[in-house]
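Report on the structure
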Amino acid sequence: MATNFELDPVLREEAAFADRDYAPFADQLEINSTMFERYAAPTDVSDWRQMAALLLGDLRDQELLDFGCGMGEESVYFAKLGAKVTGIDISEVGTATLRRRAEHHGLDIRAFTMRADPTELDDDAFDRVHGLGILHHIGIESGLAEVHRLLRPGGIAVFLEPLGDSIAVETVKTWLMRHVRFLGHFDDVTEHERNLTWRELDAVRAGFHSAWLYPYHLLYRLKRVFPTAALSAIRRLDHAALSLVPALKKYAGGVVIRLQK
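Since we're looking at a predicted model, the values are computed, not measured.

1. Here we look at the sheet that holds strand 2 (residues 84-89)
The strand order 3-2-1-4-5-7-6 describes an open sheet built from seven strands, whose pairing is mixed. Either end of the sheet is taken by a strand with one partner, and the two such strands are strand 3 (110-113) and strand 6 (210-216). Strand-to-strand twist of the sheet, defined as the mean angle between neighbouring strand axes without regard to direction, takes the value 15°. In terms of strand pairing, strand 5 (residues 151-162) meets strand 7 (residues 254-260) through seven bridges, oriented antiparallel. By the bridge assignment for strand 7, leucine 160 is matched with valine 256.

Right, dumping it as structure tokens:
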């Protein structure tokens, strides 16, 4: 299947950025067994990946599109759980890695290098669509219009996306990213991506039969400064705070979106 983003300068730049980011890891074909367990047996809804897995439901024999699949680790998880997986991404390195990963694990996964808005895939082709950090790259309006086209009636889409609703929080975060280098590298963010806002998210309900939004990550946004052993407790604290005080969602750093056509 041919690609359709060769003449778009922004997408060429995004694809090149992703290729550079993925290239050092392109030969690492094994999956993270601990992470896979979160998808295979989700029990902790304070973990947004486990929440996403619960919202996707039983994947056996479901046609699933991994929308912006990257290097395809999640695609492999879904295939291992019985889904018929198609992965798309604008990164040649990413989709090539997914193909090798699928072969390495003995899985039948289709992987195509193409843009997400629009794709070159058929209408009403999928029972499930999954995306991890893709809508804030391509734009939520155009991205979800394409997702609606691709989903079969009754089909479910689940996305995990970064939020940036509070100007104060985003200003501090930007300053830290630029000046406080001891916290680590922040070079996995391109100049074209922009975190989503609640105003944008409130509009996603249009066209879908149902839409549910689950905010995540308050203190967890500072995970670089906390010891690893504390992160599970911090996630649970965040989840409790967001459940008890819904107004705190303005300061959340992430959201899980569940849509049904």
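2. Thoughts on a nonpolar patch on the surface
A surface patch of nonpolar side chains, about 340 Å² in accessible area, is lined by Leu219, Leu222, Val225 and Leu237. Looking at the element boundaries, valine 225 is found in the loop between strand 6 and helix 10 (231-244). In this structure valine 225 comes out as partly exposed when scored by relative accessible area, which is 47%.

3. What to know about the packing of aromatic side chains
Applying the stated rule across the entire model yields four aromatic pairs. For the ring pair tyrosine 39 and tyrosine 77, a centre distance of 5.1 Å and an interplane angle of 40° mean the geometry is tilted. Remark: tyrosine 77 occurs in helix 4 (residues 73-80) and tyrosine 39 occurs in helix 2 (residues 33-40); sequence separation between them is 38 residues. Plain terms: the ring middles of phenylalanine 67 and phenylalanine 159 are 6.2 Å apart, the flat faces sit at 75° to each other, and that makes the pair edge-to-face. Of this pair, phenylalanine 67 sits in strand 1 (residues 63-67) while phenylalanine 159 sits in strand 5, and the two are 92 residues apart along the sequence.

4. Considering helix 2
Every buried residue of helix 2 is listed here: Met35, Phe36 and Tyr39. One side of helix 2 holds all its buried residues, which, seen down the axis, span an arc of 100°. Seen from the open side of helix 2, the exposed residues pointing more than 90 degrees away from its buried face are Ser33 and Thr34. Residues of helix 2 that are buried sit in contact with helix 3 (48-56) and helix 4. Looking at where helix 2 begins, the residue whose side-chain oxygen comes 3.0 Å from the main-chain nitrogen of threonine 34 is asparagine 32.

5. Focus on the nonpolar core
Ranked by internal contacts, the top residues of the largest apolar core, which has 34 residues, are Phe67, Val129, Leu144, Phe159, Leu201 and Leu259. Those elements that place two or more of their residues in this core are strand 1, strand 4 (126-132), helix 6 (135-138), helix 7 (140-150), strand 5, helix 9 (198-202), strand 6 and strand 7. No other element matches the four residues that helix 7 contributes to this core. Beyond its immediate sequence surroundings of up to four residues, leucine 259 is in contact with Leu144, Gly155, Ile156, Ala157, Phe159, Val204, Phe208, Ser210 and Ala211.

Cut-offs and rules
Residues numbered from 1 in each chain as written. Predicted model: local features only at pLDDT ≥ 70, side-chain atom pairs only at ≥ 80, totals over all residues. Heavy atoms only, no water. Pairing = 2+ DSSP bridges. Helix = DSSP H or I, 4+ residues; strand = E, 2+ residues; numbered from the N terminus. Axes fitted to C-alpha atoms, helices over the stretch in contact; angles between N-to-C directions. Patch = residues over 30% accessible without salt bridge, like charges linked within 9 Å, V, L, I, M, F, W, Y side chains within 5 Å. Areas by Shrake-Rupley, 256 points an atom, 1.4 Å probe, with all protein chains shown as cover. Salt bridge = Lys/Arg side-chain N within 4 Å of Asp/Glu carboxyl O. Buried < 20%, exposed > 50% of the residue type's maximum accessible area, 1.4 Å probe, protein only. Phe/Tyr/Trp six-rings, centres within 6.5 Å; stacked < 30°, edge-to-face > 60°. Arc of directions from axis to C-beta. Contact = heavy atoms within 4.5 Å. Polar contact = N/O pair within 3.5 Å; in protein donor to acceptor, adjacent residues only side chain to side chain. Core = buried A, V, L, I, M, F, W, Y, C linked by side-chain atoms within 4.5 Å.

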